[in-house]
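Structural description and commentary
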Amino acid sequence: MDKMYEFMGNLLDQKGITDIDEDTRQHLIKDMTELLMEQIDRAAIDALSEEKAIELANGLDDGSIKKEDVPKFMTDAGLNLEELSMIVMLRFRDLYLGAAIPADDGTGAAVAEAVNESSN
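Residues numbered from 1 in each chain as written. Predicted model: local features only at pLDDT ≥ 70, side-chain atom pairs only at ≥ 80, totals over all residues. Heavy atoms only, no water.

Among the secondary structure elements, Arg-25 is positioned in helix H2 (residues 22-47). There is a polar contact of 3.1 Å between the side chain of Arg-25 and the side chain of Asp-13. Setting aside anything within four residues of it in sequence, one finds Arg-25 in contact with Gly-9, Leu-12, Asp-13, Ile-17 and Ile-20. (Helix = DSSP H or I, 4+ residues; strand = E, 2+ residues; numbered from the N terminus. Polar contact = N/O pair within 3.5 Å; in protein donor to acceptor, adjacent residues only side chain to side chain. Contact = heavy atoms within 4.5 Å.)

Below, the structure is given as structure tokens:
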């Protein structure tokens, strides 16, 4: 998590947001990190096959899969979580800094497709 906070701090610096008090900066970094983590989670779920997504949902619902076991489930399902996280982080950075990025329909499909293409 420290690397995520560092990443967000660097984004604030790159955006020129350097003249805020430390408490406000830490709060902003925390909020941005939570948003990024949600996007990574969503992209990982979108990258699962429909069968695996259903298996995960059912396992979480009935308690056979614990929240802390989800990363292992994803890895066992063939996802490269490190690579997926990096792709989402780069998209987040580009969006935050205003760089042109490919259109996304809001479902995370573009990230899932990029992950699938890169793992082939």
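After that view of the structure, there is still more to cover.
Under the counting rule described, the total for this entry stands at 0 aromatic pairs. Seen from the ring of Tyr-96, Lys-15 lies directly overhead, with NZ or CZ sitting 5.5 Å from the centre. (Phe/Tyr/Trp six-rings, centres within 6.5 Å; stacked < 30°, edge-to-face > 60°. Lys NZ or Arg CZ within 6 Å of the ring centre and 35° of its normal.)

All told, the structure shown has 5 salt bridges when counted by the stated rule. Notably, a salt bridge pairs Asp-13 with Arg-25, separated by 3.1 Å at the nearest N-O pair. Taken together, the residues span a long stretch of sequence, with Asp-13 in helix H1 (residues 2-15) and Arg-25 in helix H2 at a distance of 12 residues. The class for Asp-13 is partly exposed, based on a relative accessible area of 38%. Here Arg-25 falls in the buried class, since its relative accessible area comes to 15%. Residue Arg-93 pairs with Asp-94 through a salt bridge whose shortest N-O separation is 2.8 Å. (Salt bridge = Lys/Arg side-chain N within 4 Å of Asp/Glu carboxyl O. Buried < 20%, exposed > 50% of the residue type's maximum accessible area, 1.4 Å probe, protein only.)

Turning to the nonpolar core, a few remarks are in order. In this structure, Met-8 and Leu-36 are the most contacted members of the largest nonpolar core, which totals 23 residues. Top contributing element to this core by residue count: H2, with 7 residues. Once you skip the residues sitting within four places of it in the chain, Leu-36 turns out to touch Met-4, Phe-7, Met-8, Val-88, Met-89 and Phe-92. (Core = buried A, V, L, I, M, F, W, Y, C linked by side-chain atoms within 4.5 Å.)

Another aspect to go through is the packing of H1 against helix H5 (residues 81-97). Where H1 meets H5, the axes come as close as 10 Å, and the angle between the chain directions of the two elements is 25°. Between H1 and H5, the angle falls in the class roughly parallel. Along this stretch, H1 crosses H5, giving a crossing that reads as right-handed. Residues Met-4, Phe-7, Met-8, Leu-11, Leu-12, Gln-14 and Lys-15 of H1 pack against Met-89, Phe-92, Arg-93, Tyr-96 and Leu-97 of H5. Residues of the contact of H1 with H5, tallied by class, amount to 9 nonpolar, 1 polar and 2 charged. (Axes fitted to C-alpha atoms, helices over the stretch in contact; angles between N-to-C directions. Parallel < 35°, antiparallel > 145°, perpendicular 65-115°, else oblique. Left-handed = near helix turned anticlockwise from the far one by under 90°. Nonpolar A, V, L, I, M, F, W, Y, C, P; charged D, E, K, R; others polar.)

The end-to-end C-alpha distance of H5, which contains 17 residues, comes to 24 Å, matching closely the 24 Å that a straight helix rising 1.5 Å per residue would cover. Of all the residues in H5, the buried ones are Leu-84, Ser-85, Ile-87, Val-88, Met-89, Arg-91 and Phe-92. Looking one or two places after H5, you find Gly-98, whose phi comes out positive at around 85°. (Expected span 1.5 Å × (residues − 1).)

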